[in-house]
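Results of the structural survey
Each chain is listed here by its residues.
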Amino acid sequence: MSVSAVATAPSVCAPLPVLGRDVTVPLVTGGEVTYAALDYAASAPALQRVWDDVAAYAPYYGSVHRGAGYLSQLSTDLFENARRTVAEFLDCREGDQVVFTRSTTDSLNLLAAALPADCQVFVFETEHHASLLPWRNARVTFLDAPRSPREAVETLERALADRDPDGPALVCVTGASNVSGELWPVRELAAAAHAHGARIVLDAAQLAPHHPVSLAGLDVDWVAFSGHKLYAPFGSGVLAGRSDWLRAAEPYLAGGGASRKVSRRDDGGVDVEWHDSAARHEAGSPNVIGAYAVASACKALTEAGFDTLAAREQGLVRAVREGLADVPQVRFLSLFGEDAPRVGVLSFVVDGWNSSHFAAALSAEYGIGVRDGLFCAHPLVRTLLGSDPQAQGECGSPEAAPGEKSLNAIRVSFGAGTPDEHVERFVRAVKELVTDGAKWNYRTEDGRCVPDTSA
């Protein structure tokens with residue numbers, strides 16, 4: 001499929017309306033252009049429907065759970081209905097809890113705080129730092145990057161076979177890589193974990209916006225995701241799944257809402273009885289608007305149909321890969337191979353270019369927003385680039401001046417709101433930059449490559 005064919009071939013569906021779709025940005029070469037947001041893997045633009053739902057509710061905002069007034073009662077109903085909507089979206093089982101958090105990172109740190117004593121955690125080096133780093137108080141076994149889904153399962157099975165069978169264990173795995181977009185064999189990994197007496201948590205930050213996520217169908221114990229990748233505004237997330245470890249753990253935050261009863265003792269101390277429900281880990285005034293926005297996004301994606309959205313997205317993935325197939329300087333990064341199933345996330349390097357320089361030129365000269373760096377997945381990116389996965393590097397740091405070799409990559413990502421034209425423009429821009437070079441001079445400033453406007 002040629003790049004131009006994307007615009008003329010019958011579309012599976014139109015892009016979903018998102019905020020910012022008509023925003024224009026200045027070009028360093030002069031004039032303005034509609035901004036092409038191709039950094040969905042970092043933060044997807046909010047769906048217009050989600051924003052409209054939030055705006056309609058905003059005048060009725062009230063404190064939840066403890067207010068006697070009409071708006072407080074209305075907000076409480078809305079908050080708890082949002083919880084039920086998310087549970088339905090995730091196909092939760094009877095007894096599962098849905099806890100509202102701030103993000104995937106917050107969700108996995110919450111679960112890490114709830115681990116039983118002496119729990120052993122197994123995590124692949126391929127994980128985003130949100131799921132690689134929270135397990136500081138556990139015994140952690142880091143697993144090498146597999147080169148196929150089958151190898152991933154076999155690697156996990158070998159590691160679990162060597163563990164203490166009587167102690168608690170947890171496996172943490174991504175559903176879709178935030179670097180390569182490749183889908184992981186979650187159901188098979190869950191089966192391996194359970195066969196060895198371990199539990200499993202799914203980091204669905206990159207999976208949930210693109211594919212249905214079923215706790216029951218995948219047979220995972222917990223799932224975590226972020227609202228800002230699911231077409232909702234910043235500041236909301238979800239941890240959903242089994243309640244026993246969460247009920248047994250000390251509250252993630254101590255305060256109002258998490259406590260059912262507080263009383264003074266005769267010796268001057270305080271006795272606290274904590275909630276057993278999700279409220280146990282939702283201390284303080286909850287982010288009602290964030291929870292409502294997440295639920296609205298869940299409804300919108302379900303009604304649009306994941307099959308339809310995924311089919312259109314795969315057309316965009318093919319357009320990028322096939323459109324750049326005749327550019328030998330572009331090398332896509334992959335663990336499982338070029339034909340591996342993936343979501344709309346692709347990372348690549350360009351021979352002869354520093355990644356930060358290339359991304360800066362895409363932005364300044366074409367109005368295209370992508371991400372460059374190590375994508376908060378340093379060991380994985382370094383493995384894919386053939387460098388030392390143990391080497392340290394700052395997130396997003398170019399580590400080299402324009403024109404010098406970079407140990408970073410460039411990531412283009414898209415989703416339900418991406419117009420065909422944005423992908424067309426991206427492919428054309430990459431080809432022009434590779435063939436003709438940048439039209440502007442660039443310099444490094446505060447660790448970033450930026451257009452040099454000093455002349």
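What counts as what
Residues numbered from 1 in each chain as written. Predicted model: local features only at pLDDT ≥ 70, side-chain atom pairs only at ≥ 80, totals over all residues. Heavy atoms only, no water. Helix = DSSP H or I, 4+ residues; strand = E, 2+ residues; numbered from the N terminus. Rg over C-alpha atoms; globule rule 2.2 N^0.38 Å. Buried < 20%, exposed > 50% of the residue type's maximum accessible area, 1.4 Å probe, protein only. Contact = heavy atoms within 4.5 Å. Areas by Shrake-Rupley, 256 points an atom, 1.4 Å probe, with all protein chains shown as cover. Lys, Arg positive; Asp, Glu negative; His and termini not counted. Charge placed at Lys NZ, Arg CZ, Asp CG, Glu CD. Salt bridge = Lys/Arg side-chain N within 4 Å of Asp/Glu carboxyl O. Polar contact = N/O pair within 3.5 Å; in protein donor to acceptor, adjacent residues only side chain to side chain. 1 Å grid on protein atoms, 1.4 Å probe; cavity = no way out; pocket = protein on both sides within 12 Å on 5 of 7 lines; lining within 4 Å. Points joined across faces, edges and corners; volume = space filled by probe spheres on them. Nonpolar A, V, L, I, M, F, W, Y, C, P; charged D, E, K, R; others polar. Disulfide = S-S within 2.5 Å. Pairing = 2+ DSSP bridges. Axes fitted to C-alpha atoms, helices over the stretch in contact; angles between N-to-C directions.

A separate point is the overall build of the chain. In terms of regular secondary structure, the chain is built from 14 helices and 19 strands. Relative to the 2.2 N^0.38 estimate, which gives 23 Å for 455 residues, the radius of gyration of the chain is 23 Å and therefore close to what a compact globule would have. The C-alpha extent of the chain, read off along each of the three principal axes, is 80 × 55 × 45 Å. A total of 455 residues make up the chain; the buried ones form 55% of that total. Looking at the chain alone, contacts between residues at least 24 apart form 70% of all its contacts between residues at least 6 apart. For the chain, the exposed area adds up to about 19300 Å²; of that, 50% sits on carbon and sulfur atoms. One finds the centroid of the 39 positive side-chain charges in the chain at a distance of 2 Å from the centroid of its 57 negative side-chain charges.

Scanning the entire structure with this criterion turns up 24 salt bridges. In this structure, Asp221 and Arg242 form a salt bridge, with 3.2 Å as the shortest nitrogen-oxygen distance. Of this pair, Asp221 sits in the loop between helix H8 (215–218) and strand S9 (222–226) while Arg242 is found in the loop between strand S10 (237–241) and helix H9 (244–248), placing the two residues 21 residues apart along the sequence. The shortest N-O distance in the salt bridge between Asp452 and Arg443 comes to 3.5 Å. Each of Arg199, Asp221, Arg242 and Asp244 takes part in salt bridges that share partners, so that together they form one network.

We now examine the side chain of Glu127. Tracing the backbone through its elements, the reader meets Glu127 in the loop between strand S5 (120–124) and helix H5 (129–132). For the buried Glu127, no salt bridge is present, and the opposite-charge side chain at shortest range is Lys229, 13 Å distant. At 2.7 Å, the side chain of Glu127 and the side chain of Ser131 are in polar contact. With near-sequence residues (within four places) excluded, Glu127 lies in contact with Leu132, Cys172, Val173, Thr174, Asp203, Cys376 and Ala377.

So, about empty space enclosed by the protein. Unoccupied space between atoms shows up once a probe the size of one water molecule is rolled over them. A full pass over the atoms with the stated rule returns three cavities of 30 Å³ or more. When its volume is computed, the largest cavity comes out at roughly 60 Å³. Surrounding the largest cavity, Tyr40, Ala41, Ala44, Gln206, Pro209, His210, Lys229 and Tyr231 form its lining. Its volume calculated, the second largest cavity comes out at about 50 Å³. Looking at the second largest cavity, the residues that line it are Pro209, His210, Tyr231, Leu309, Ala310, Glu313, Gly415 and Ala416. Taken together, the residues of the lining of the second largest cavity break down into five nonpolar, two polar and one charged.

Here the focus is unusual backbone geometry. Outside of glycine, negative phi angles account for most residues, and trans bonds account for most peptide bonds. Look at Asp219: it is not a glycine, yet its phi comes out positive at around 60°. With a phi angle near 50°, Cys376 is a residue other than glycine that sits in the positive phi range. Assignment of secondary structure puts Cys376 in the loop between strand S16 (371–373) and helix H13 (378–384).

If you add up the space inside the largest pocket, you get close to 350 Å³. In this structure, the largest pocket is lined by 28 residues; those nearest its centre are Ala41, His128, Gln206, His228 and Lys229. If you list the elements that add at least two residues to the lining of the largest pocket, you get helix H4 (104–113) and H5. Taken together, the residues of the lining of the largest pocket sort by class into eight nonpolar, 14 polar and six charged. Roughly 290 Å³ of internal volume is contained in the second largest pocket. Along its surface, the second largest pocket is lined by 19 residues, and Phe100, Thr101, Arg102, Glu282 and Ala283 are the ones closest to its centre. Those elements giving two or more residues to the lining of the second largest pocket turn out to be strand S4 (97–101), H4 and helix H10 (288–304). Looking at side-chain class alone, the lining of the second largest pocket contains eight nonpolar, eight polar and three charged residues.

Turning our eyes to something else, we now look at the state of the cysteines. A complete count under the given rule lists zero disulfides for this structure. Free cysteine Cys92: the closest other cysteine sulfur is in Cys298, separated by 10 Å.

Moving on: the pairing of S9. Two faces belong to every sheet, and in a regular strand the side chains alternate between them. Of all five residues making up S9, five are buried, and the element is well covered by its neighbours. Side chains Trp222, Ala224 and Ser226 project from S9 onto one buried face, and the interleaved Val223 and Phe225 project onto a second face that is buried too. Of the pairings in the sheet, the one linking strand S8 (residues 199–203) to S9 comprises three bridges and is parallel in character. Residue pairing for S9: Asp203 is matched across the bridge by Ala224. Relative to S10, S9 is paired through five bridges, and the arrangement is antiparallel. Paired with Ala224 across the bridge in S10 is Leu239.

On to the sheet that holds S8. Spatial ordering of the open sheet is given by S4-S10-S9-S8-S7-S5-S6, a layout of seven strands whose pairing is mixed. Each end of this open sheet is capped by a strand with a single partner; those strands are S4 and strand S6 (139–143). Adjacent strand axes in the sheet meet at a mean angle of 20° when their direction is disregarded. Along the sheet face, H4 touches S4, strand S7 (169–174), S8, S9 and S10 and points at about 150° away from the line of S9. Taken strand by strand, helix H6 (residues 149–161) contacts S5, S6 and S7, and its axis lies near 160° from that of S5.

Structural measurements only, silent on function.
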